Number of protein chains: 2
Amino acid sequence: MATAPLAPGSTDRTRVRRLPEKAVSERDVLHRVLDAGLVGHVAVSDDQGRPYVLPVAYARDGDRVLIHGSTGSRLFRALAAGAPTCLTVTLLDGLVVARSAFESSMNYRSAMVFGICEVVEGDAKAAALDLLTDHLLPGRRADLRPHKKKELAATLVLALPLDETSVKVSANHPTDDEDDLDTPVWAGTVPLGETYYDAVPAPDLRFDLPVPEYVRAWRR
Amino acid sequence: MATAPLAPGSTDRTRVRRLPEKAVSERDVLHRVLDAGLVGHVAVSDDQGRPYVLPVAYARDGDRVLIHGSTGSRLFRALAAGAPTCLTVTLLDGLVVARSAFESSMNYRSAMVFGICEVVEGDAKAAALDLLTDHLLPGRRADLRPHKKKELAATLVLALPLDETSVKVSANHPTDDEDDLDTPVWAGTVPLGETYYDAVPAPDLRFDLPVPEYVRAWRR
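Just so it is clear, the structure is predicted and the values come from calculations on it, not from any experiment.

## Things to note about the overall build of chain A
In terms of regular secondary structure, chain A is built from six helices and ten strands. Residues classed as buried in chain A amount to 50% of the 220 residues present. In chain A, the share of contacts with a sequence separation of at least 24, taken over all contacts with a separation of at least 6, comes to 71%. Carbon and sulfur atoms make up 52% of the accessible area of chain A, which totals about 10100 Å².

So this is what it looks like as structure tokens:
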């Protein structure tokens, strides 16, 4: 197994766990969780109350979350038409290996945002797409040509306000029953995290260009 | 950046991409995606059609997916009462860095399962929990004591049949407009994957036990 990227005591997990002790507000925790993720899961319900859950890339823009999709997407059309939604972002941080199955669990950070999306239009639309690029592919924007009119027309950009939210952080060691502590069985946690691997150049690259520095910097 | 765990041409991404070419059934792809994940997102709607999306650990058991939660959980009580649901599992495989923002995207595998859960009870309940342990913490079960009656009583185990499903695999290089190919800008993909880090022993471990071999084997 690889070595954790940060020394014990300063991992992302413990940093988040300590936030409440430092009286950092729940709003700050919410922002941090949203800023650490790339993909959330968004749901809408049909007229019979059956939910549909789909993955979407997102970015936080102050007190709202931006998402974008095709004007041909049923999900995005329903959201643009005012369907109530929930966007949930979950970052899996580790496995909690307790002495019983019952106490075994996972460490994670999860943010939920409930509400109704607003359609982002006009000049704000390109700006919102740029903000999505800055979050998902930091540094990339300077290398991109401007959006074409037909591209903007084919894209729905939606903003979900951070008005009704919930955030949960689980970052624990196993908490076994006292009875189980005398069992000579290993227990502990196994941290998990998303890793970026080496960039793969496009096969149709017509120039002998190195991987840009900003791409090399996409580590976690 | 770290080196990808598999040589180019045999990564998990391309292996999945090639499946349709090899006439492997969509059902096999669905099973592989579900078997590769640990956490899915499950939704239920309230009586006003507002969806709630929550992360859950899961395991595939043949032609159904098992989930488990507290009898105190509103989500699990609603699911046990027959609320229609959707469970979506998404594995983020990489970033697609195209020459335009419009063509930039992500590579991922995603499985959706729609339906109504069945409550797993009796002898089947402990067996289902064991199957969840075998998927989430492979090798661990032999080290665990039997479930206690009160633990089983405090746990809801639900099975969602794989009757109505959808699976999508996106594993592409950038597909830019011909017009954009002469721009001297790097393009390509950046693979992403979940990594297990070194196990951390529980602070209350009363024995000098090494990290078990089966825990060391949890790599991806």
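## Examining the relation of the copies chain B and chain A
Under the fitted operation, chain B is carried onto chain A by 0.0 Å of movement along the axis and a turn of 180°, and the coordinates agree to an RMSD of 0.0 Å. Look at the turn and shift together and you get a two-fold axis relating the two. Relative to the rotation axis, the C-alpha of B:Glu194 is the closest in chain B, positioned 2.2 Å from it. Interface overlap between copies is the fraction of interface residues in one copy that are interface residues in the other; for chain B against chain A it reaches 100%, indicating a shared surface.

## Here we look at the interface of chain B and chain A
Counting residues at the interface gives 92 residues for chain B, matched by 92 residues for chain A. With both sides pooled, the region where chain B packs onto chain A buries about 8400 Å², and carbon together with sulfur makes up 63% of that total. At the boundary of chain B and chain A, one finds ten salt bridges. For A:Asp177, the salt bridge goes to B:Lys148, with nearest N and O atoms at 3.5 Å. Counting every contact that joins chain B to chain A gives 31 residue pairs in polar contact (both at pLDDT 80 or more). If you list the elements that add at least two residues to the side of chain B that touches chain A, you get strand 1 (39–45), strand 2 (51–61), strand 4 (85–97), strand 5 (105–115), helix 4 (123–136), strand 9 (188–196), strand 10 (200–201) and helix 6 (213–216) of chain B. No other element matches strand 9 of chain B, which puts nine residues into the side of chain B that touches chain A. The class makeup of the residues in the side of chain B that touches chain A is 54 nonpolar, 19 polar and 19 charged.

## Digging into helix 2 (residues 26–36) of chain B
What helix 2 of chain B keeps buried is the set B:Val29, B:Leu30, B:His31, B:Val33 and B:Leu34. At its buried positions, helix 2 of chain B is contacted by strand 2, strand 3 (64–70), strand 4, strand 5, helix 4 and strand 8 (164–170) of chain B.

## Side note on the environment of A:His135
Residues and elements named next belong to chain A. Here His-135 shows up in helix 4 (residues 123–136). Residues His-135 and Ala-59 lie 76 residues apart in sequence; the distance between their C-alpha atoms is 5.9 Å. Excluding its chain neighbours within four sequence positions, the residues that come into contact with His-135 are Leu-34, Asp-35, Gly-37, Leu-38, Tyr-58 and Ala-59.

## Section: the side chain of A:Ser45
Residue placement: A:Ser45 occurs in strand 1 (residues 39–45). Judged by relative accessible area, A:Ser45 falls into the buried class, the value being 18%. A distance of 3.3 Å separates a polar atom in the side chain of A:Ser45 from the backbone oxygen of B:Gly49. Not counting the four nearest positions on each side in its chain, A:Ser45 is found in contact with A:Arg50, A:Pro51, B:Ser45, B:Gly49 and B:Pro51.

## Brief notes about the environment of A:Arg145
Among the structural elements, A:Arg145 can be located in the loop between helix 4 and helix 5 (149–153). Taking relative accessible area as the criterion, A:Arg145 reaches 22% and is therefore assigned partly exposed. Contacts of A:Arg145, omitting those with residues within four sequence positions, involve A:Glu151, B:Arg99, B:Ser100, B:Asp177 and B:Asp180. There is a polar contact of 2.9 Å between the side chain of A:Arg145 and the side chain of B:Asp180.

## What about the environment of B:Val169?
In this fold, B:Val169 is placed in strand 8. For the pair B:Val169 and B:Ser104, spaced 65 residues apart in the sequence, the C-alpha separation amounts to 16 Å.

## Quick look at the confidence of the model for chain A
On average, residues of chain A score 90 in pLDDT, and 89% of them reach the 70 mark or higher. Predicted confidence for residues 1–23 of chain A stays below pLDDT 50, and this span has 34 contacts to residues more than four positions away or in other chains.

## Re the packing of aromatic side chains
Evaluation of the coordinates by the stated rule reveals four aromatic pairs over all chains. With a centroid separation of 5.0 Å and 50° between ring planes, the pair formed by A:Phe114 and B:Tyr52 is classed as tilted. Here A:Phe114 is found in strand 5 (residues 105–115), whereas its partner B:Tyr52 is found in strand 2 on a different chain. When its relative accessible area of 24% is taken as the criterion, B:Tyr52 is described as partly exposed.

## Here's the deal with the pattern of salt bridges
Working definition: two side chains of opposite charge can pair if their charged atoms are close together. Applying the stated criterion across every chain, the model contains 29 salt bridges over all chains. Measuring nitrogen to oxygen at the nearest pair gives 2.6 Å for the salt bridge that ties A:Arg99 to A:Asp176. Of the two residues, A:Arg99 is situated in the loop between strand 4 (85–97) and strand 5 and A:Asp176 in the loop between strand 8 (164–170) and strand 9 (188–196); the sequence distance between them amounts to 77 residues. Each member of the pair A:Arg99 and A:Asp176 is classed as buried. Among the salt bridges present, the one from A:Arg145 reaches A:Glu151, with a minimum N-O distance of 2.7 Å. What emerges from the salt-bridge pattern is a single network uniting A:Arg99, A:Asp176 and B:Asp204.

Rules and cut-offs
Residues numbered from 1 in each chain as written. Chains lettered and ligands numbered in written order. Predicted model: local features only at pLDDT ≥ 70, side-chain atom pairs only at ≥ 80, totals over all residues. Heavy atoms only, no water. Helix = DSSP H or I, 4+ residues; strand = E, 2+ residues; numbered from the N terminus. Buried < 20%, exposed > 50% of the residue type's maximum accessible area, 1.4 Å probe, protein only. Contact = heavy atoms within 4.5 Å. Areas by Shrake-Rupley, 256 points an atom, 1.4 Å probe, with all protein chains shown as cover. Least-squares fit on C-alpha atoms with pLDDT ≥ 70 in both. Buried area = accessible area lost by both parts, 1.4 Å probe. Salt bridge = Lys/Arg side-chain N within 4 Å of Asp/Glu carboxyl O. Polar contact = N/O pair within 3.5 Å; in protein donor to acceptor, adjacent residues only side chain to side chain. Nonpolar A, V, L, I, M, F, W, Y, C, P; charged D, E, K, R; others polar. pLDDT = per-residue confidence, 0-100. Phe/Tyr/Trp six-rings, centres within 6.5 Å; stacked < 30°, edge-to-face > 60°.

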